[in-house]
Amino acid sequence: MNDAAAWSGLEEARRWVREATRIAVLTGAGVSAESGVPTFRDAQTGLWANFRPEELATPEAFRAHPQRVWDWYAERRARLADVQPNPGHVALAEFQARHPDRLTLITQNVDGLHQKAGSTGVLALHGNLFEDRWLDPCLNSALHGGRLGCDPTSAVAGSPPRCADCGNLLRPGVVWFGEMLPMDALDAAERAAVSCELMLVVGTSGAVYPAAGLAHRARRAGARVVVLNPEPTELDDVAHLCLRGTSARWLPALLGD
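Engineer: Would you mind going over the environment of Cys150 with me for this structure?
Structural biologist: Along the chain, the position of Cys150 falls in the loop between strand E4 (127-134) and strand E5 (170-174). Residues Cys150 and Asn168 lie 18 residues apart in sequence; the distance between their C-alpha atoms is 9.3 Å.

Listed below in structure tokens is the structure:
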């Protein structure tokens, strides 16, 4: 796409943004890559390059080698702690602040950069790298009247931390291979997809389901679909318009007033 065609496409997309009262945005790893966040496989460097993904990101791997898995995620957290949102993250947050209730942000990213930029109500389909949860249902739930039970913040430090009362292990609050997506977030994302008038699919190859299926659902429900990505994606055929470029470049231009 040449510059003239690109800017023509951008103007049409801007018109669709102005016309839409409900916008859903699905973001993927490409948005965070512009802040220097490595993809899952790119994060496997040094010692970790010797391990396959299924040895570091499955419940079975954690149960078999909890310290190994915990230490890998601890290293990822340390590497990302000082990473800052880029103009794409900021453009989404600022649009949402200017237009409350118009934009629902759905992300496959676990780095928390959308939240760090100021976006609210983010539907994190794959969880959050900087949050923890118990590996197993809390053994003391019955003692707490069926509530969540032990507080993860009270876990005894370790690799991984554990509950002093019941011995339950803390694990990273991300979705591992073979696990279901969080149903609350997925249900909300599906509602946003079928009720929006415009869906922006940004920085994702469109190869991971069920997230990629949201674009199909939006299109079937009558929404316009715009794919924004530097390279062709598996959702290009679903889109009414494809903008070739990075989100840090295009989102500020697309969402700016």
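Engineer: Could you clarify how one ought to interpret the nonpolar core in this entry?
Structural biologist: One broad trend across soluble globular proteins is that nonpolar side chains are buried collectively. By size, the foremost hydrophobic cluster in this structure holds 27 residues, and its most contacted members are Ile106, Leu125, Met199, Val201, Leu214 and Leu235. Breaking this core down by element, the ones donating at least two residues are strand E1 (23-27), helix H7 (183-195), strand E6 (198-202), helix H8 (213-220) and strand E7 (224-229). With six residues, the single largest contributor to this core is H7. Contacts of Ile106, omitting those with residues within four sequence positions, involve Ala24, Val25, Leu26, Thr27, Leu123, Leu125, Ala189, Ala192 and Leu214. Membership of the second largest hydrophobic core comes to 25 residues, among which are Leu105, Leu241, Leu243 and Leu254.

Engineer: Looking at this structure, I do not really get the side chain of Asn86. What am I missing?
Structural biologist: Mapped onto the secondary structure, Asn86 falls in the loop between helix H4 (66-80) and helix H5 (87-98). A distance of 2.8 Å separates a polar atom in the side chain of Asn86 from the backbone nitrogen of Gly88. Once you skip the residues sitting within four places of it in the chain, Asn86 turns out to touch Val31, Glu34, Ser35 and Ala248.

Engineer: What's the story with the pattern of salt bridges in this structure? I'm lost.
Structural biologist: Think of it this way: side chains of opposite charge can pair up when their charged atoms draw near. Counted by the stated rule, this structure contains 10 salt bridges. One salt bridge connects Asp132 with Arg77, and the closest N-O pair in it is separated by 2.6 Å. Here the residue Asp132 occupies a position in strand E4, and Arg77 occupies one in helix H4, the gap between them amounting to 55 residues. Between Arg217 and Glu190 there is a salt bridge, with its nearest N and O atoms 3.6 Å apart. Note that Arg217 is positioned in helix H8 and Glu190 in helix H7, a separation of 27 residues in sequence. When its relative accessible area of 24% is taken as the criterion, Glu190 is described as partly exposed. Each of Glu12, Arg15, Glu19 and Arg224 takes part in salt bridges that share partners, so that together they form one network.

Engineer: Explanation requested: helix H9 (residues 247-255) in the structure shown.
Structural biologist: What sets the pattern is the α-helix's 3.6 residues per turn: residues three or four places apart point alike. Residues of H9 that are buried include every one of Ser247, Trp250, Leu251, Leu254 and Leu255, and no others. Within H9, the buried residues cover an arc of 105° as seen down the axis, which keeps them to one side.

Engineer: Mind showing me how you'd approach the pairing of strand E2 (residues 103-107) here?
Structural biologist: When a strand is regular, its side chains alternate between the sheet's two faces. By the criterion of burial, E2 is predominantly enclosed, with four of the five residues buried. Two strands pair when backbone bridges link them, and E1 and E2 are joined in this way by five bridges, in the parallel orientation. Looking across to E2, one finds that Ala24 is bridged to Thr104.

Engineer: What am I meant to see in the packing of aromatic side chains here?
Structural biologist: Within a pair of aromatic rings, the relevant descriptors are the distance that separates the centres and the angle that separates the planes. Following the criterion strictly, the structure yields three aromatic pairs and no others. Consider the rings of Phe62 and Trp176, whose centres lie 5.5 Å apart with planes at 35°: the pair is tilted. Of this pair, Phe62 sits in helix H3 (residues 59-64) while Trp176 is found in the loop between E5 and H7, placing the two residues 114 residues apart along the sequence. Look at Tyr73 and Trp176: their rings are 6.2 Å apart centre to centre, the planes differ by 50°, and that puts the pair in the tilted class.

Engineer: Looking at this structure, I do not really get the sheet that holds E2. What am I missing?
Structural biologist: Whenever strands of a sheet pair, they do so through backbone hydrogen bonds, lying parallel or antiparallel. Taken in spatial order, the six strands of this open sheet run E3-E2-E1-E6-E7-E8, and their pairing is parallel. The sheet terminates laterally at strand E3 (123-124) and strand E8 (241-244), the two strands that pair on one side only. Helix-sheet contacts for H5 involve E1 and E2, and the interaxial angle to E2 is about 150°. Each of E1, E2, E6 and E7 touches H8; the most contacted strand, E6, lies at about 160° to it.

Engineer: For this particular structure, what's the right way to read the packing of H7 against H8?
Structural biologist: The geometry of a pair of packed helices is captured by two quantities: the angle between their axes and the separation between those axes. H8 packs onto H7 with a crossing angle of 35° between their chain directions and a minimal axis gap of 7 Å. Listed contacts from H8 to Ala189, Glu190, Ala193 and Val194 of H7 are Leu214, Arg217 and Ala218. For the contact of H7 with H8, the residue count by class is five nonpolar, no polar and two charged.

Engineer: I keep staring at the packing of H5 against H9 and nothing clicks. Help me out?
Structural biologist: Between H5 and H9, the least distance of the axes is 7 Å, while the angle of their chain directions is 20°. Put simply, H5 runs roughly parallel to H9. In this structure, the crossing between H5 and H9 has a hand that is left-handed. Where H5 abuts H9, its residues Pro87, Gly88, Ala91, Leu92, Phe95 and Arg98 lie against Ser247, Ala248, Leu251, Pro252 and Leu255. By residue class, the composition of the contact of H5 with H9 is eight nonpolar, two polar and one charged.

Procedures and definitions
- Residues numbered from 1 in each chain as written.
- Predicted model: local features only at pLDDT ≥ 70, side-chain atom pairs only at ≥ 80, totals over all residues.
- Heavy atoms only, no water.
- Helix = DSSP H or I, 4+ residues; strand = E, 2+ residues; numbered from the N terminus.
- Core = buried A, V, L, I, M, F, W, Y, C linked by side-chain atoms within 4.5 Å.
- Buried < 20%, exposed > 50% of the residue type's maximum accessible area, 1.4 Å probe, protein only.
- Contact = heavy atoms within 4.5 Å.
- Polar contact = N/O pair within 3.5 Å; in protein donor to acceptor, adjacent residues only side chain to side chain.
- Salt bridge = Lys/Arg side-chain N within 4 Å of Asp/Glu carboxyl O.
- Arc of directions from axis to C-beta.
- Pairing = 2+ DSSP bridges.
- Phe/Tyr/Trp six-rings, centres within 6.5 Å; stacked < 30°, edge-to-face > 60°.
- Axes fitted to C-alpha atoms, helices over the stretch in contact; angles between N-to-C directions.
- Nonpolar A, V, L, I, M, F, W, Y, C, P; charged D, E, K, R; others polar.
- Parallel < 35°, antiparallel > 145°, perpendicular 65-115°, else oblique.
- Left-handed = near helix turned anticlockwise from the far one by under 90°.

Structural measurements only, silent on function.
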